[in-house]
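# A structural walkthrough
Okay, here's what each chain looks like letter by letter:
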Amino acid sequence: MRSTHGVTPPVQAIFFDIDDTLFSTTVFADKARRAAVDAMVRTGLQADRVEATRELDDVIAEFSSNYSGHFDKVLDRLGQESFAGHNRAVIVAAGVVAYHATKWRELKVYDDVYEVLKWLSGTSLVRGVISAGITIKQAEKLIRLEVLEFLTPSAIFFTDQVGFSKPNPKLYRRVLQRLKLEPQHCIYVGDNPTHDIDPCNHEGWTTVRIRRSGRHSAEEGATQPTHEIRDFYELRRLLQDEYGVR
Ligand SMILES: [Mg+2]
């Protein structure tokens, strides 16, 4: 755990990013993609699993994770002969079903995240979420992760609904306006140095960078977080020892 500068008690609210903060988006996505490719091969796709998985990763990188035709694109790339004698829609459906089944099974918060959010729900802090992405997908994650009961219902914000996206500092400003909170009493916990930490620093929040895994773990932002942690147990210690949260 690393800290850079002082803080302004009392803390009134703590907000969280979702992806690669509450759960390992990176590991989860990898498992779901592999399961999808395996299912497509079992259904008749004639392709090397490694090659098909690489094409799927490339399609997602090129067309974004929110594009709806990933598996169709993979078949386009692998060519007609990869599904000769089969209806391609059935192979695509096998991929989609396996992907979603994995999603149901694997989407879980880290144990320390569950335990510490539960602990936080017994404190007087407002417990919020500020998340970027497609609203319904991000909302669905909160339900599937089974942490909704620990959060403050009025403090859940998705960028599409607020009208500002990360890393625009106005996103974070608007959230606090809505809740009538001051930034010097608020903490943001996120994994992305440029989209989570820099804008919140700009707005005068206390920032906590979680650096555990995920695609942003090796990146650096323009500014330093107030604190850096590896898991939520460190967050709890920090809140107890430095902010007097009980
Ligand atoms: Mg994130």
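Residues numbered from 1 in each chain as written. Predicted model: local features only at pLDDT ≥ 70, side-chain atom pairs only at ≥ 80, totals over all residues.

### Some points on the packing of helix α1 (residues 25-42) against helix α4 (residues 88-106)
In plain terms, the rule: Interaxial angle, 0 to 180 degrees, is taken between N-to-C directions of lines fitted to C-alpha atoms, where a helix line uses only the stretch in contact. Working definition: helices are DSSP H or I runs of at least four residues, strands are E runs of at least two. Numbering for both runs from the N terminus. Each crossing is labelled by how the near helix is turned from the far one, with a counterclockwise turn of less than a right angle marking it left-handed and a clockwise turn marking it right-handed. By the criterion used throughout, residues are in contact when their C-beta atoms, derived from the backbone, lie within 7 Å. Under the scheme applied here, ten amino acids are nonpolar (Ala, Val, Leu, Ile, Met, Phe, Trp, Tyr, Cys and Pro), four are charged (Asp, Glu, Lys and Arg), and all others, including Gly, are polar.
Two elements in contact, α1 and α4, have axes whose closest approach is 7 Å; the angle formed by their N-to-C orientations is 145°. Regarding α1 and α4, the two cross each other, and that crossing is right-handed. Residues F28, K31, A32, A35, A36, D38, A39 and M40 of α1 touch α4, and the partners they reach there are I91, A94, G95, V97, A98, Y99, T102, K103 and E106. Residues belonging to the contact of α1 with α4 are distributed by class as follows: 11 nonpolar, 2 polar and 4 charged.

### Regarding the pairing of strand β6 (residues 206-210)
The line we're drawing: The burial criterion counts other C-beta atoms lying within 10 Å of a residue's C-beta, which is placed from the backbone; the residue is buried at 20 or more, exposed at 12 or fewer, and partly exposed between these limits. Strands qualify as paired when DSSP identifies two bridges or more between them. By convention, orient the strands away from the viewer: a clockwise path from the first strand over the helix to the second makes the crossover right-handed.
For β6, a buried count of 5 out of 5 residues is recorded, marking the element as mostly surrounded by other parts of the structure. On β6, burial covers both faces: T206, V208 and I210 on one face and T207 and R209 on the other are all buried. Pairing between strand β5 (residues 186-190) and β6: 4 bridges, direction parallel. Note that in β6 the partner of V189 across the bridge is V208. What joins β5 to β6 is helix α9 (residues 193-202), and the crossover it makes is right-handed. Pairing geometry for β6 and strand β7 (residues 227-229), over 3 bridges, is parallel. Bridge pairing links V208 to H227 in β7.

### Here's the deal with the packing of α1 against helix α2 (residues 49-63)
Let me state the cut-off plainly: Oblique is the label for every angle not falling under 35 degrees (roughly parallel), over 145 degrees (roughly antiparallel), or within 65 to 115 degrees (roughly perpendicular).
Two elements in contact, α1 and α2, have axes separated by 10 Å at closest approach and are oriented at 130°. Judged by the angle between their axes, α1 and α2 are oblique. Our pair here, α1 against α2, has a crossing hand that is right-handed. Mapping the contact onto sequence places R33, R34, V37, D38, M40 and V41 in α1 and R49, A52, T53, L56 and D57 in α2. Here the residues of the contact of α1 with α2 are counted per class, giving 5 nonpolar, 1 polar and 5 charged.

### Some points on helix α10 (residues 232-243)
What counts is decided by this rule: Comment: arc refers to directions from the helix axis out to C-beta atoms.
Listed as buried for α10 are F232, L235, L238 and L239. Projected down its long axis, α10 shows its buried positions confined to an angular sector of 100°, all on one face. Of the residues trailing α10, G244 is marked for its positive phi of about 65°.

### Comments concerning the environment of D191
Assignment of secondary structure puts D191 in the loop between β5 and α9. Along the sequence, D191 and L78 sit 113 residues apart, while their C-alpha atoms lie 35 Å from each other. With residues up to four places along the chain from it excluded, the contact list for D191 reads D17, D20, T21, D196, R209, I210, G214 and H216.

By themselves, these are just geometric observations and shouldn't be taken as functional.
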